[in-house]
Amino acid sequence: MACFERASPALKEILLRLYRNERAIDADHHLHEFGSVEYYIQSLVSDPDHTYLSVSTPILSQAFLISTRLSRYTIEKVKAISAEVVEIVQPPKEGYQLTLRLNFARMSHGKESIKMITDIAAVQGVILSSQLEEMLMNVNSQDVAQGMYKPIKLVYHPREPFYVIKQPQKITAVFPMRFKEKTDVIIATAFFQELMDVANTKACAKAPHCIWSPIPPPELRGEAIEDLSTNGGFVSFDITSRHIEGKRLDKTVWNLLNFYAFVKNHVKSTRGFIQRRMRTCLKRQVEVLQKTGLQDDQHIKAVKGHKRMRKLVNFTKFKILRYRSDFTSKLKRIRSRLKIHGFSRFRRKWLSFPTFSSKTKYRKLEKDISL
């Protein structure tokens, strides 16, 4: 997702608007998010007590879930939002995976109502989180045999897939990192190296083991080349049973689903910080140059003394450059008049043009004086 909030801001706004209406109205809203998530909100005057919400979201992994229907675990998670307000309609609306009937009349007023609508607007996050929770809860199941399992490709965002590899006593999550700008690659690479160093210290011994590598890990051998073509390397986390106990499960799942968003936010914040520092340094340098220029102007005005000195100080930049040009041309003329002793004799001997004699001789006619 592009943000860290579980609830959809647009869906939350529409539900709040319908809840706060004093009179029932006919409403028909189609809402698309991330190019693959679709919401359909319907409110009818003939049924003023209920509002219908249908959700269509891509399955996190087609390899893990055989059918497109939601599992029993996911349905129970949706029901847990509120048993009084939320009711699952079976079968769902055609083209959607889940349809909810919302009874706003049973909802308490005040801050509790806003919190309830926020939880309902996060239903798409609940669906995807529950699917990943099912995978993580099977880490120590008996059907996990010794050896390496085939990677499971998970798609939370269409352009940002990641992999989950089920291994004995742990699950490894691998994130291929891609960036558009070269500067983002540099910032992200430095961040990954720092994250790996910090995560492997004693202070973070209980955190998942983190590894960053510029090349694909051995577990991803055999995957499609287009999925492994990256410019930011691969980040891997080892998830053990300790990380999915009790309330840690929901937090671990949400952190994995939003790792891409966290990295992008860090890169964007770092780039903004660097740009602000550069602008601040440039501003300081400009101020120093301006102060120096003012001091020079004051010094020029305060100069007193010989008339020629005052005239030289008052020269503009154009006059100074012109003076330098004239001085250079004069120097060249002076250089051309320099005499070297013995050079004239050398020139007469070696640099004189040769004389050619012609075989045909001509006789010079003398002018006749008598004429």
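Before reading on, note that the structure itself is shown above.
Residues numbered from 1 in each chain as written. Predicted model: local features only at pLDDT ≥ 70, side-chain atom pairs only at ≥ 80, totals over all residues. Heavy atoms only, no water.

A. How the structure looks around the nonpolar core. Judged by nonpolar contacts, the single largest core of 36 residues is most densely connected at L132, L136, F175, M177 and F192. Sort the elements by how many residues they give to this core and helix α5 (residues 182-199) lands first, with 6 residues. When sequence neighbours within four positions are dropped, the list of residues in contact with M177 reads F192, T230, N231, G232, G233, V235, F259, Y260 and V263. Core analysis: the second largest hydrophobic core is formed by 32 residues, L11, L18, I117 and V123 among them. (Core = buried A, V, L, I, M, F, W, Y, C linked by side-chain atoms within 4.5 Å. Buried < 20%, exposed > 50% of the residue type's maximum accessible area, 1.4 Å probe, protein only. Helix = DSSP H or I, 4+ residues; strand = E, 2+ residues; numbered from the N terminus. Contact = heavy atoms within 4.5 Å.)

B. Looking closely at a nonpolar patch on the surface. Taken together, the side chains of F273, I274 and M278 define a hydrophobic patch exposed on the protein surface, amounting to about 300 Å² of accessible area. Here M278 is to be found in helix α8 (residues 259-302). By relative accessible area, which is 56% here, M278 ends up exposed. (Patch = residues over 30% accessible without salt bridge, like charges linked within 9 Å, V, L, I, M, F, W, Y side chains within 5 Å. Areas by Shrake-Rupley, 256 points an atom, 1.4 Å probe, with all protein chains shown as cover. Salt bridge = Lys/Arg side-chain N within 4 Å of Asp/Glu carboxyl O.)

C. How the structure looks around the packing of helix α4 (residues 123-137) against helix α7 (residues 248-257). Closest axis-to-axis distance for the α4/α7 pair is 9 Å, and the angle between their directions is 110°. Judged by the inter-axis angle, α4 sits roughly perpendicular to α7. Like other packed secondary-structure pairs, α4 and α7 cross with a definite hand, here right-handed. Residues G125, L128, S129, L132, E133, L136 and M137 of α4 pack against L249, D250, T252, V253, W254, L256 and L257 of α7. Each residue belonging to the contact of α4 with α7 can be placed in one class, and the counts come to 9 nonpolar, 3 polar and 2 charged. (Axes fitted to C-alpha atoms, helices over the stretch in contact; angles between N-to-C directions. Parallel < 35°, antiparallel > 145°, perpendicular 65-115°, else oblique. Left-handed = near helix turned anticlockwise from the far one by under 90°. Nonpolar A, V, L, I, M, F, W, Y, C, P; charged D, E, K, R; others polar.)

D. Just the sheet that holds strand β9 (residues 209-213), in detail. Taken together, the 5 strands give an open sheet; going across it, the order is β6-β7-β8-β10-β9, and neighbouring strands pair in antiparallel fashion. Only two strands of the sheet have a single partner each, and these edge strands are β6 (152-157) and β9. The average undirected angle you get between the axes of adjacent strands in this sheet is 25°. Relative to strand β10 (residues 234-239), β9 runs antiparallel, the two being bridged by 5 bridges. Across the sheet, the residue bridging to W212 is V235, located in β10. α5 rests against β9 and β10 of the sheet, and its axis sits at about 150° to β9. (Pairing = 2+ DSSP bridges.)

E. Local environment of helix α3 (residues 111-121). Listed as buried for α3 are S113, M116, I117, I120 and A121. Across the axial projection of α3, the buried residues extend over an arc of 140°, all falling on one side. For α3, the exposed residues set more than 90 degrees away from the buried face come down to K111, E112 and K115. Those residues of α3 that are buried are in contact with α1 (9-20), β2 (37-44), β3 (47-56), β4 (86-88), β5 (98-102) and α4. (Arc of directions from axis to C-beta.)

F. Fine view of the pairing of β6. Pairing analysis gives 5 bridges linking β6 to strand β7 (residues 160-167), with the strands arranged antiparallel. Paired with I152 across the bridge in β7 is V164. Remark: 2 residues form the turn of the hairpin made by β6 and β7, two consecutive strands paired antiparallel.

G. Examining the side chain of T99 more closely. Secondary-structure assignment places T99 in strand β5. Given the relative accessible area of 6%, T99 is considered buried. Within polar-contact distance, the side chain of T99 engages the backbone nitrogen of K93 at 2.8 Å. (Polar contact = N/O pair within 3.5 Å; in protein donor to acceptor, adjacent residues only side chain to side chain.)

H. Layout of the side chain of T57. Inspection of the secondary structure assignment puts T57 in the loop between β3 and α2 (72-79). Looking at T57, the relative accessible area reads 3%, which means it is buried. Within the structure, the side chain of T57 is placed 3.3 Å from the side chain of Q124, a separation counted as a polar contact. Once residues lying within four places of it in the same chain are set aside, the contact partners of T57 are S36, V37, Q97, Q124, I127 and L128.

I. How the structure looks around the packing of aromatic side chains. In this structure the tally under the stated criterion is 9 aromatic pairs. Arranged with centres 5.6 Å apart and planes meeting at 80°, the rings of F175 and Y260 form a pair that is edge-to-face. Taken together, the residues span a long stretch of sequence, with F175 in strand β8 (residues 170-176) and Y260 in helix α8 at a distance of 85 residues. On the basis of relative accessibility, which here comes to 0%, the residue F175 falls in the buried class. Residue Y260 is classed as buried on the basis of its relative accessible area of 8%. Aromatic side chains F191 and F192 sit 5.8 Å apart centroid to centroid with 50° between the ring planes, which places their arrangement in the tilted category. Take F192: its relative accessible area is 1%, and that puts it in the buried class. (Phe/Tyr/Trp six-rings, centres within 6.5 Å; stacked < 30°, edge-to-face > 60°.)

J. Broad picture of the pattern of salt bridges. In this structure the tally under the stated criterion is 8 salt bridges. In this structure, D119 and K115 form a salt bridge, with 3.5 Å as the shortest nitrogen-oxygen distance. Taken together, the residues D119 and K115, both in helix α3 and 4 residues apart, mark about one turn of the helix. Residue D119 is classed as partly exposed on the basis of its relative accessible area, which comes to 29%. Close ionic contact of R271 with D184 constitutes a salt bridge, the shortest N to O distance being 2.5 Å. Remark: D184 occurs in helix α5 and R271 occurs in helix α8; sequence separation between them is 87 residues. According to the relative accessible area criterion, R271 is partly exposed, its value standing at 29%.

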